[in-house]
Amino acid sequence: MFLRHRPSGPLALYVDCLWYSERGALPHTRERSLPTGCADIVVPLLQDHLIRYDTEQLTHARRLRGAVVQGASDRFGVRGTEGASAVIGVHFRAGGAVAFLGGALPELRNRTELLEDVWGPAARELRETLQAAGSPRGALQLLRAQLLQRLRDAAPPDPLVAAAIDAFRLDPARARVEPVRHDSGCTPAQFIRRFEQAVGLTPKRYARVLRFGVLLPSLARCGPRDWAQIAVGAGYYDQSHLIHEFRALAGMAPGAYVPVQADQPTHVALGP
């Protein structure tokens with residue numbers, strides 16, 4: 001079972017979606033999580049911990065007991081998928097998580113840590129509340145209410161960063177930092193600092209991930225075609241540039257990319 005809720009009202013400025021996932025055991029025990037450039041909160045409901053690996057080669061797993069926060073990333077991560085699972089989560093918009101995580105975002109880049117380290121005891125209370133919800137839709141409603149409550153004391157989004165993100169998203173394949181920085185009126189250092197504080201990535205890193213993210217759904221739906229043509233259409237200089245960037249962000253060549261499901265293009269199975 002997979003449920004997705006896209007919020008309306010004030011929460012929609014900060015949150016892309018709330019989601020709930022429930023499944024039995026999978027044929028694989030690890031997955032690559034490809035970067036999205038956005039932060040997430042993930043709360044285990046059935047199991048008492050979530051499993052993360054520093055690299056896909058490591059046999060030692062980090063077992064994080066309780067809710068976790070995943071910082072914005074510009075490279076793939078590896079998560080354990082052992083056994084049955086029921087989890088609920090928040091996928092923030094770029095620049096939206098800062099209202100809920102404060103100044104922690106730059107330090108969380110490419111990392112998954114316990115939400116309790118950021119929220120304190122409120123993270124445990126959130127998990128207990130969601131576990132007692134009684135139904136997946138009830139849990140989603142409670143999660144939405146908890147986020148709205150936290151939003152009351154949050155600062156509004158940085159308008160400079162919001163404008164920069166909108167500019168990048170107008171044409172992700174050809175997003176360039178310098179024209180957007182110039183339009184902001186900031187010095188390069190000021191622009192980078194404000195953007196990274198709100199998003200968790202520098203503008204250049206975010207633009208790379210955004211371009212990569214636009215490419216994935218088409219590959220997931222259609223599979224490999226003419227890589228040189230795909231590279232040019234996706235905003236890469238040539239096929240070599242596409243392969244280099246894909247390896248850097250996904251840890252594999254584009255020809256080896258096969259998502260677990262077409263509608264979940266950022267999840268790739270890793271071995272049994």
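Quick note: structure is the one above.
Residues numbered from 1 in each chain as written. Predicted model: local features only at pLDDT ≥ 70, side-chain atom pairs only at ≥ 80, totals over all residues. Heavy atoms only, no water.

Colleague: What is the right way to look at the overall build of the protein chain in this model?
Modeller: Looking only at helices and strands, the protein chain has 10 helices and 11 strands in total. What you see for the protein chain is a C-alpha radius of gyration of 19 Å, in line with the 19 Å of a compact globule of 272 residues. Projected onto the principal axes, the alpha-carbon positions of the protein chain cover approximately 50 × 45 × 30 Å. Once local pairs closer than 6 in sequence are excluded, the contacts in the protein chain between residues at least 24 apart make up 74%. Per element, the accessible surface of the protein chain, about 13,300 Å² overall, is 51% carbon and sulfur. For the protein chain, the distance from the average site of its 33 positive side-chain charges to the average site of its 26 negative ones is 2 Å. (Helix = DSSP H or I, 4+ residues; strand = E, 2+ residues; numbered from the N terminus. Rg over C-alpha atoms; globule rule 2.2 N^0.38 Å. Contact = heavy atoms within 4.5 Å. Areas by Shrake-Rupley, 256 points an atom, 1.4 Å probe, with all protein chains shown as cover. Lys, Arg positive; Asp, Glu negative; His and termini not counted. Charge placed at Lys NZ, Arg CZ, Asp CG, Glu CD.)

Colleague: Whenever I open this one, the sheet that holds strand 2 (residues 15-23) confuses me. Can you help?
Modeller: Strand pairing in a sheet relies on backbone hydrogen bonds. The paired strands run either parallel or antiparallel. Pairing is antiparallel across the open sheet formed by six strands, whose spatial order is 1-2-9-4-7-10. The open sheet has two free edges, formed respectively by strand 1 (2-5) and strand 10 (112-114), since each of these has just one partner strand. In this sheet, neighbouring strand axes are inclined to one another by 20 degrees on average, regardless of whether the strands run parallel or antiparallel. Judged from the three bridges that link them, strand 7 (residues 68-70) and strand 10 form a sheet pairing that is antiparallel. Pairing of Gln70 across the sheet is with Thr112, part of strand 10. Strands strand 4 (40-44) and strand 9 (85-92) of the sheet are contacted by helix 3 (residues 122-131), whose axis makes an angle of about 60 degrees with strand 4. Each of strand 1, strand 2 and strand 9 is contacted by helix 4 (residues 136-151), which is oriented at about 150 degrees to strand 2, the strand it contacts most. (Pairing = 2+ DSSP bridges. Axes fitted to C-alpha atoms, helices over the stretch in contact; angles between N-to-C directions.)

Colleague: Would you mind showing me how to read the sheet that holds strand 6 (residues 62-64) here?
Modeller: Pairing in this open sheet of five strands is antiparallel, and the strands run 6-5-8-3-11 from one edge to the other. Both outer strands of the open sheet, strand 6 and strand 11 (267-270), are each paired with one neighbouring strand and no more. Taken over all neighbouring pairs, the strand axes of this sheet differ in orientation by 35 degrees on average, direction set aside. Bridging between strand 3 (residues 30-33) and strand 11 involves four bridges; their strand directions are antiparallel. For Glu31, the partnering residue across the bridge sits in strand 11 and is Ala269.

Colleague: How should unusual backbone geometry be read in this particular structure?
Modeller: Comment: phi is negative for the bulk of residues other than glycine, and the bulk of peptide bonds are trans. Look at Asn110: it is not a glycine, yet its phi comes out positive at around 60 degrees. For Asn110, the location among the structural elements is in the loop between helix 1 (98-101) and strand 10.

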